[in-house]
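Structure at a glance
Listed below, chain by chain, are the residues.
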Amino acid sequence: MLAQYVRNYLIHGLSATPVVIEYLLRDATEADYDRRPDPERFTIREAVAHLADWEGVWLERATRIIEEHHPTLPGYDEGQWAIDHDYARLDVMEQLRKFQHGRARLAAYLSGLTPVQWEREGEREFGPISIAHQTAMVLGHDGYHLRQITEWLQAGAKAEGS
């Protein structure tokens, strides 16, 4: 079982991501938002929309794990969602606000759980996942996109400096 201080760190880490993204994007331009250094990965615009979309998924999964006995949690095709939800045309700041709001809801929900509830599990395509493990996975997912946003902004700065 996770100690209270570990749960607190996880929640603080989750709460930090939207703050860091807002800081990283403070001087970004439309060109920065749409730069695609790697054709297989999201642009910054798409990454922020993707993060905003997934907040509802994380909260829904956590809620179902608490309210149902070992629920089966569906997977989603994030590439198809990007197309279906038109990530490439969405307003970055609007999506950032959506992400901030969704993340605040997720952090508040997790803050209200008991230590036993953090250990409850649902079933994913790769096997069982607890609220604690999902929270760690969300933080890893955040880290992946934080690094990506940073690298894409650096690529733009290097291109401008050339």
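If you're wondering where the values come from, they're calculated on a predicted model, not measured in any experiment.

A few words now on the side chain of Asp53. Relative to the assigned elements, Asp53 resides in helix H3 (residues 44-67). Given the relative accessible area of 14%, Asp53 is considered buried. At a separation of 2.4 Å, a polar atom in the side chain of Asp53 contacts the side chain of His85. Only 3.2 Å separates the side chain of Asp53 from the side chain of Lys98, close enough to count as a polar contact. Once you skip the residues sitting within four places of it in the chain, Asp53 turns out to touch Trp81, His85, Tyr87 and Lys98.

Attention shifts here to the packing of helix H1 (residues 4-24) against helix H7 (residues 131-161). At a minimum axis distance of 10 Å, the contact between H1 and H7 shows a crossing angle of 15°. Viewed along their axes, H1 and H7 adopt a mutual orientation that is roughly parallel. Relative to H7, the crossing made by H1 is left-handed. Of H7, the residues touching H1 (which contributes Leu10, Gly13, Leu14, Thr17, Val20, Ile21 and Leu24) are Thr135, Val138, Leu139, Asp142, Leu146, Ile149, Thr150 and Leu153.

Within the largest apolar cluster, 26 residues are counted, with the highest numbers of intra-cluster contacts made by Tyr87, Leu106, Leu110, Leu113, Trp118 and Ile131. Of all the elements in the fold, those that place two or more residues in this core are H1, H3, helix H4 (78-84), helix H5 (92-111) and H7. No other element matches the nine residues that H3 contributes to this core. Apart from residues lying up to four places away in sequence, Leu113 is in contact with Ile66, Trp118 and Ile131.

So, how was this worked out
Residues numbered from 1 in each chain as written. Predicted model: local features only at pLDDT ≥ 70, side-chain atom pairs only at ≥ 80, totals over all residues. Heavy atoms only, no water. Helix = DSSP H or I, 4+ residues; strand = E, 2+ residues; numbered from the N terminus. Buried < 20%, exposed > 50% of the residue type's maximum accessible area, 1.4 Å probe, protein only. Polar contact = N/O pair within 3.5 Å; in protein donor to acceptor, adjacent residues only side chain to side chain. Contact = heavy atoms within 4.5 Å. Axes fitted to C-alpha atoms, helices over the stretch in contact; angles between N-to-C directions. Parallel < 35°, antiparallel > 145°, perpendicular 65-115°, else oblique. Left-handed = near helix turned anticlockwise from the far one by under 90°. Core = buried A, V, L, I, M, F, W, Y, C linked by side-chain atoms within 4.5 Å.

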